Amino acid sequence: MTFQPIKFYQTGSFVVGNRLLGENLRTVQSDIARSDSLTLGHRACQGCGEALGARYALDAAMRATGNKILATNATGCLEVFTTPYPETSWQIPWLHSVFGNTAAVATGMAAALRVKGREDIRVVAQAGDGGTEDIGFGCLSGMFERNDDVLFICYDNQAYMNTGVQRSGATPPAVRTATTEAVGSHPGNVFGQGKNLPQIAMAHEIPYVATATVAELHDLEAKVEKAMSMRGARYLHILVPCPLGWGSDPSATIKIARLAKETGLFPVFEAESGEVTGVSKIRHRLPVESYLSEQRRYAHLFKPVENREVLDRIQAMADRNVRRFGLLEEEVANNTPREQ
Amino acid sequence: MLEQIEGSRAVAKAVALCRPEVVCAYPISPQTHIVEALGVLVKTGELSPCEFINVESEFAAMSVAIGASATGGRAYTATASQGLLFMIEAIYNAAGLGLPIVMTLANRAIGAPINIWNDHSDAMAVRDSGWIQLFAETNQDAVDLHIQAFRLAEEISMPVMVCMDGFILTHAVEEVDTPSQGQVDAFLPKFVPRQVLDVDDPVSIGAMVGPEAFSEVRYLAHAKQLQAKEKIPGISREFELIFGHPAGGLVNGYRLENADTVVVAMGSLLGTIKDAVDDLAEEGKKVGVLGITTFRPFPLEEVYAYLSEARRVVTIEKAFAVGMGGILATDVATSLNRVRIDQYSVIAGLGGRAITKASVRSLLEDAIDDRLEPLTFLDLDHELVEREITRMRESKRSGPTAENLIRDAQLKKFSRTQRDG
Ligand SMILES: Cc1ncc(C[n+]2csc(CCOP(=O)(O)OP(=O)(O)O)c2C)c(N)n1
Ligand code: SF4
Ligand SMILES: [Mg+2]
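Residues numbered from 1 in each chain as written. Chains lettered and ligands numbered in written order. Predicted model: local features only at pLDDT ≥ 70, side-chain atom pairs only at ≥ 80, totals over all residues. Heavy atoms only, no water.

A look at the overall build of chain A
Where we set the bar: Under the scheme used here, helices are H or I runs from DSSP no shorter than 4 residues and strands are E runs no shorter than 2 residues, and both carry numbers assigned from the N terminus. Note that the radius of gyration is over C-alpha atoms, with the globule rule given as 2.2 Å times the number of residues to the power 0.38. Per-residue accessibility, obtained with a 1.4 Å probe over protein chains only, is compared with the maximum for each type, and a residue is labelled buried under 20%, exposed over 50%, and partly exposed between these values. Contact criterion: two residues are considered in contact whenever any of their non-hydrogen atoms come within 4.5 Å of each other. Methods summary: accessible areas were calculated by the Shrake-Rupley approach with a probe of 1.4 Å, and residue burial reflects only the protein chains presented. In this tally, Asp and Glu contribute negative charge and Lys and Arg positive charge; neither His nor the terminal groups of the chain are included. Note on charges: their place is set at NZ of Lys, CZ of Arg, CG of Asp or CD of Glu.
A count of helices and strands for chain A gives 11 helices and 8 strands. For 340 residues, the compact-globule estimate of 2.2 N^0.38 gives 20 Å, and the C-alpha radius of gyration of chain A, at 19 Å, lies within 12% of that figure. Considering only C-alpha atoms, chain A reaches an extent of 60 × 50 × 40 Å along its principal axes. Classification of the 340 residues of chain A by burial places 57% in the buried group. The long-range fraction of contacts in chain A, counting pairs at least 24 apart against all pairs at least 6 apart in sequence, stands at 71%. Total accessible area on chain A stands at roughly 13800 Å², and carbon and sulfur atoms take up 52% of it. Here chain A contributes 35 positive and 37 negative side-chain charges, whose respective centroids are spaced 1 Å apart.

Some remarks on the coordination of the magnesium ion (ligand 3)
All names here are of chain A. This is how it is decided: Distances up to 2.8 Å from the metal define which N, O and S atoms are donors, and 3.2 Å serves for Na, K and Ca; water is absent from the atom set, so sites may look incomplete.
Around the magnesium ion (ligand 3), the protein contributes the donor atoms Asp129 (OD), Asn157 (OD1) and Ala159 (O), at 2.0 to 2.1 Å from the metal centre. As a motif over one chain, the donors of the magnesium ion (ligand 3) read D-x27-N-x1-A. Of this pair, Asp129 sits in helix H4 (residues 129–134) while Ala159 sits in the loop between strand E4 (150–156) and helix H6 (197–203), and the two are 30 residues apart along the sequence. Assigned by exposure class, Asp129 and Ala159 land together as buried.

Side note on the sheet that holds strand E13 (residues 294–296) of chain B
Residues and elements named next belong to chain B. Convention followed: Should DSSP find at least two bridges between two strands, the strands are taken to pair. An axis is simply a line fitted to the C-alpha atoms; with a helix, the fit covers only the stretch in contact. Between two such axes, the angle follows the N-to-C directions and lies from 0 to 180 degrees.
Across the sheet, which stays open at both edges, the 7 strands sit in the order E3-E2-E4-E5-E7-E6-E13 with mixed pairing between neighbours. Of all the strands in the sheet, just strand E3 (51–54) and E13 have a single pairing partner and so form its edges. Strand-to-strand, the axes of this sheet are offset by a mean angle of 20 degrees, without reference to chain direction. Helix H2 (residues 32–43) contacts strand E2 (22–25), E3, strand E4 (75–79), strand E5 (102–107) and strand E7 (160–165) of the sheet and is inclined by roughly 135 degrees relative to E3.

Regarding the side chain of A:Asp219
Residue and element names in this part refer to chain A. Here is the rule: Whenever a nitrogen or oxygen atom comes within 3.5 Å of another N or O atom, the pair is scored as a polar contact, on the condition that within protein one atom can donate a hydrogen and the other can accept it, and that pairs from neighbouring residues in sequence are kept only if both atoms are in side chains.
As for its placement among the helices and strands, Asp219 is situated in helix H7 (residues 217–228). The class for Asp219 is buried, based on a relative accessible area of 7%. In terms of polar contacts, Asp219 uses its side chain to reach the side chain of Lys223, at 2.9 Å. Residues in contact with Asp219, not counting those within four places in the same chain, are Thr211, Ala212, Val268 and Ser280.

Side note on the packing of aromatic side chains
Residue and element names in this part refer to chain B. Our working definition: Two rings from Phe, Tyr or Trp (for Trp, the six-membered ring) form a pair when their centres are within 6.5 Å of each other. A pair whose planes differ by under 30 degrees is stacked, one over 60 is edge-to-face, and the rest are tilted.
Following the criterion strictly, the structure yields 14 aromatic pairs over all chains and no others. Seen in terms of ring centroids, Phe187 and Phe239 are 5.5 Å apart; in terms of plane orientation they differ by 90 degrees. Their pairing is edge-to-face. In this pair, Phe187 sits in helix H8 (residues 181–187) while Phe239 sits in helix H9 (residues 214–243), placing the two residues 52 residues apart along the sequence. Take Phe187 and Phe239: they sit in the same class, and that class is buried. Consider the rings of Phe187 and Phe243, whose centres lie 5.7 Å apart with planes at 80 degrees: the pair is edge-to-face. Taken together, the positions of Phe187 in helix H8 and Phe243 in helix H9 put the pair 56 residues apart, joining distant regions of the chain.

Some words on the site of ligand 2
All names here are of chain A. Put simply, the rule reads: When we say a residue is near a molecule or strand, we mean one of its heavy atoms is within 4 Å of it. The residue classification treats Ala, Val, Leu, Ile, Met, Phe, Trp, Tyr, Cys and Pro as nonpolar and Asp, Glu, Lys and Arg as charged. All others, Gly included, are polar.
Near ligand 2 you find Ala44, Cys45, Cys48, Cys77, Phe81, Asn157, Cys242, Pro243 and Leu244, and these make up its full shell. Looking at the shell around ligand 2, the elements that each hand over two or more residues are helix H2 (77–82) and helix H8 (243–246). Considering only residue class, the shell around ligand 2 consists of 8 nonpolar, 1 polar and no charged.

Comments concerning helix H15 (residues 401–420) of chain B
Residue and element names in this part refer to chain B. Let me state the cut-off plainly: Residue count minus one, scaled by 1.5 Å, sets the expected span of a helix. The arc in question is the one traced by the directions running from the helix axis out to the C-beta atoms.
Between its terminal C-alpha atoms H15 stretches 28 Å, which fits the 28 Å expected from 20 residues at 1.5 Å a residue. Buried within H15 we find Asn404, Asp408 and Lys412. Looking down the long axis of H15, one finds its buried residues gathered within 70 degrees of arc, a one-sided arrangement. Seen from the open side of H15, the exposed residues pointing more than 90 degrees away from its buried face are Ile406, Lys413, Phe414 and Asp420. For H15, the elements touching its buried residues are helix H14 (382–394).

Read these as geometric descriptors, not functional statements.
Printed below as a string of structure tokens:
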């Protein structure tokens, strides 16, 4: 390959700016002809990462399929803030059934399309981390195992936000939620394995598994596009900061999502048929405190006294991710822009 | 075509003739033979195009049906008992969304204690969900009701549950007139969904509704049931024209003319009751039977019309509201609240206990002589019950009831054989 490894990073944020890229590399969101699948008028909080993630993902899926998408949605913030009667923010065919059955509903949608010979129309299922990892897990695993033609997207804000910020299977250690309060000798959520859904999805050996954050628009859209170019069960896990539940500034949503990746706490990677095929390298490695200190859900780790022991344990988690996924740049980098 | 066939297989054939596009299956006795037979029909290509989906739970089965139906596919599944309870959130959802899914319920008891045999506790657990509930008396009924179920479901855009007694019907081999594809096609038009996920005309299905319109949406579900009540007799008449024999309807009367005493019941139990009533009639007793074919919507007016001249009504049912009494009996009482008629509620056949003609007969004799209690548990072993009540009174830690009762029952049987042998 003869290209020059130029990196169009913005200073400070390390973002690849749209304006620095060729027209064909620009994001769907920057396209005036984007579908606006999820249009304005919804009632998400200011700075809601989930609203942003859904909009990016669905518009990208719409573009990838020539606007032939049926979407389904678990109960949760996304469902509630987009459809308070008599309004709906969805400009695409959209179905909400209940909290825990989204993957199965999607299976049914895909089955009906197959019978009708309309496999040109594709199905996207969406749920929060609770609707994915906890209550929806049985149906999700069944859908994976049958390899149904569904893209399942988890908008991971690491707790049950819609019911008022309670702990889910995706809530990280030490986080304060309404059911893991920052009291007692071990404030916040317990340290444990948690549920690593992307890896559990990989264990099903489905064609495609990827993680992404709302900070990296190009990466997220490219993964949606790739997912839509494939058939079978595909899983996309998007980290979506929640200003309300995380106690973060609404204007800091993108920054926090980026810090989750740059600290190594949220590995961004993709996998095909159970094998990791690509990793987004950390550009500018930062200690976990830079991420944690932006969020009041971790405030008890810093005040009234710094809890070094817990901070070290969280740093160790990040370090393990870095080792496990090879998140650091090689000395001699030779990356295409896609592999930022 | 007349053939000797197992109830489950006859139903599978009938369902296949209705050309379902998505069939989802999760096994539970006594429903298994139905979905197994459908699986074969799909695999051999006899039922095509159709997606047969092996799901991981009943909750998923109903959810797959929801997704398929909302995408314009004719969807079918079958379950029983614990399976029905496992899918109950999706049961309510399907009705709330107004999706015309058809489901067979192979009626079975609900645990604990776990029990695979027949009663109607499962159907009663979802009677308020918004689903239409039809009850088959025979396997012929089961076949015919399924064909009518698809028609009804799609005409009013509501889900329909066909209840057939587990084992008693599902596993019984008897003569059934299975219809031809031509007959079914003449009776059941192509599915035109009232609402559908369509890329050319996007809608949101399942949006949130607050107090401003929730009552109205719920009222409309009720209105649809009332609409079903009006349509069912017409669908039944049309069915008879095409298939050549009567089936369905709201209620079915037997020997009702001049009957002083009328027995009300649902499902296969009606056969035993009719036999007992025939015997009583030979002895000059004026006893008739009213079978409820459509339990939801409940045919209040029709029940009134058939029962208002009777002196007494005996409702025999295979389920009850714990702490209250008969469920069907309560609905019958609502029908009759304008008239003074002696009403007896009888709970029978729970967890598969055989309801014998002799028991029904002596029960009816008691009723005719006005010796029956208002609420009776047919053939209840009072000795067993008393023993456990005493045990619970005497010791706080009296142990698990199910185990205690089984041991007592064994002991009783043993001492009887000792005595007799
Ligand atoms: C069966 C059931 N249990 C509980 C709830 C209550 N509930 C609704 S949304 C929700 C939280 C959703 O959390 P998540 O899936 O993470 O989505 P988020 O709101 O965080 O985006 C809960 C617990 C429900 N609707 N249904
Ligand atoms: S609570 Fe969080 S996820 Fe829900 S709308 Fe607000 S910011 Fe978004
Ligand atoms: Mg969440």
